[in-house]
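Residue-level listing of the chains:
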Amino acid sequence: MCSSDLVINSTSISGSLNVSDESKFGGPISSTGSIKINGNLLATSKLSSSGSIDVDGDIKTNSPLVFNGRLTCSSIQSSSKLNLSGTINVEGNILTEKLSISNGTISVGGDILGKTIKITGPFDDTDFDFIPEFDDINEISDLVKVTTNFAKDLIPSIGNLLSSVFESITSPTTEQINVFGNIEGKKVVISNTIVHGDITADEVVLGRNLKINGKVRYRKSINKEQYEGIEIQKIY
């Protein structure tokens, strides 16, 4: 165990690090090991981890953060970019400039506030409006149906193979991202998520596999003015 108020400069961590109090990462840190901090974590340079980080307090930084392993903390405050995937548990709020949350078991107990917020599953929805022949295509699963049916007509064996592969790709994942508070930003792109509060943004893009218990409020634009089970409201 390291003593309190530890300052760590540029390094790579592959073993175990246990800090009894607040710690400061002053240089670029890359970790594949296990870090336990019994206080706040302050990062003044890029921090990336594919290992395990357990912070009893808050994470505060003005530099990019990338977590794709296991992370637990009270809250995250970042004036830069934040990328989250893997097994993530943030008990409170996330405040960041740009947030990207992707596949994994992810829970945010408070609110998410940022300029650009993107919360998706392993596969993003795609807008196919630029293809005039495919007027009925609204998301990637629709394109899969058109493509595989066309392939089946030409070569049945290849078409059936494509159908089985694409079905596994486009089936909604059973691991949904949970946000127990509100989401607010300038632009919010979201799918594969349960939001227990409201979504408020200038621009909103709603993907598939969504459950929003509150309202979706947008100021400028939204890709879907109607979404089953979700109340959508334009605000001025």
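Every value quoted in this text rests on a predicted model; they were computed, and no experiment measured them. (Residues numbered from 1 in each chain as written. Predicted model: local features only at pLDDT ≥ 70, side-chain atom pairs only at ≥ 80, totals over all residues. Heavy atoms only, no water.)

(A) Main features of the overall build of the protein. Secondary structure assignment for the protein yields 2 helices and 23 strands. Relative to its full complement of 236 residues, the protein shows a buried share of 43%. (Helix = DSSP H or I, 4+ residues; strand = E, 2+ residues; numbered from the N terminus. Buried < 20%, exposed > 50% of the residue type's maximum accessible area, 1.4 Å probe, protein only.)

(B) Representation of the confidence of the model for the protein within the structure. Mean pLDDT over the protein stands at 81; residues scoring 70 or higher make up 73%. Contacts of residues 125–138 to residues separated by more than four positions or lying in other chains number 16 contacts, the stretch itself having pLDDT below 50. (pLDDT = per-residue confidence, 0-100. Contact = heavy atoms within 4.5 Å.)

(C) How the structure looks around the pattern of salt bridges. Counted according to the given criterion, the structure contains 6 salt bridges. One salt bridge in this structure joins aspartate 202 and arginine 219, with 3.1 Å as the shortest N-O distance. Taken together, the residues aspartate 202 in strand β20 (residues 199–206) and arginine 219 in strand β22 (residues 215–222) connect sequence positions 17 residues apart. Judged by its relative accessible area of 17%, aspartate 202 falls in the buried class. A single salt-bridge network, built from bridges that share partners, covers Lys36, Asp54 and Asp56. (Salt bridge = Lys/Arg side-chain N within 4 Å of Asp/Glu carboxyl O.)

(D) Region of interest: the side chain of threonine 96. Mapped onto the fold, threonine 96 is located in strand β15 (residues 94–108). Separated by 2.9 Å, the side chain of threonine 96 and the backbone oxygen of serine 80 make a polar contact. For threonine 96, the contacting residues outside a window of four places in its chain are Ser78, Ser80, Lys81, Leu82, Leu113, Gly114 and Lys115. (Polar contact = N/O pair within 3.5 Å; in protein donor to acceptor, adjacent residues only side chain to side chain.)

(E) Inspection of the environment of leucine 113 at higher detail. Here leucine 113 is to be found in strand β16 (residues 112–119). Note: C-alpha distance between leucine 113 and asparagine 182 (69 residues apart in sequence) is 8.2 Å.

(F) Quick look at unusual backbone geometry. With phi around 55°, asparagine 192 is a residue other than glycine that occupies positive phi space. Residue placement: asparagine 192 occurs in the loop between β18 (183–190) and β19 (193–195). The backbone of asparagine 209 shows a phi angle near 60°, a positive value even though the residue is not glycine. Looking at where asparagine 209 falls in the secondary structure, it is placed in the loop between β20 and β21 (210–212).

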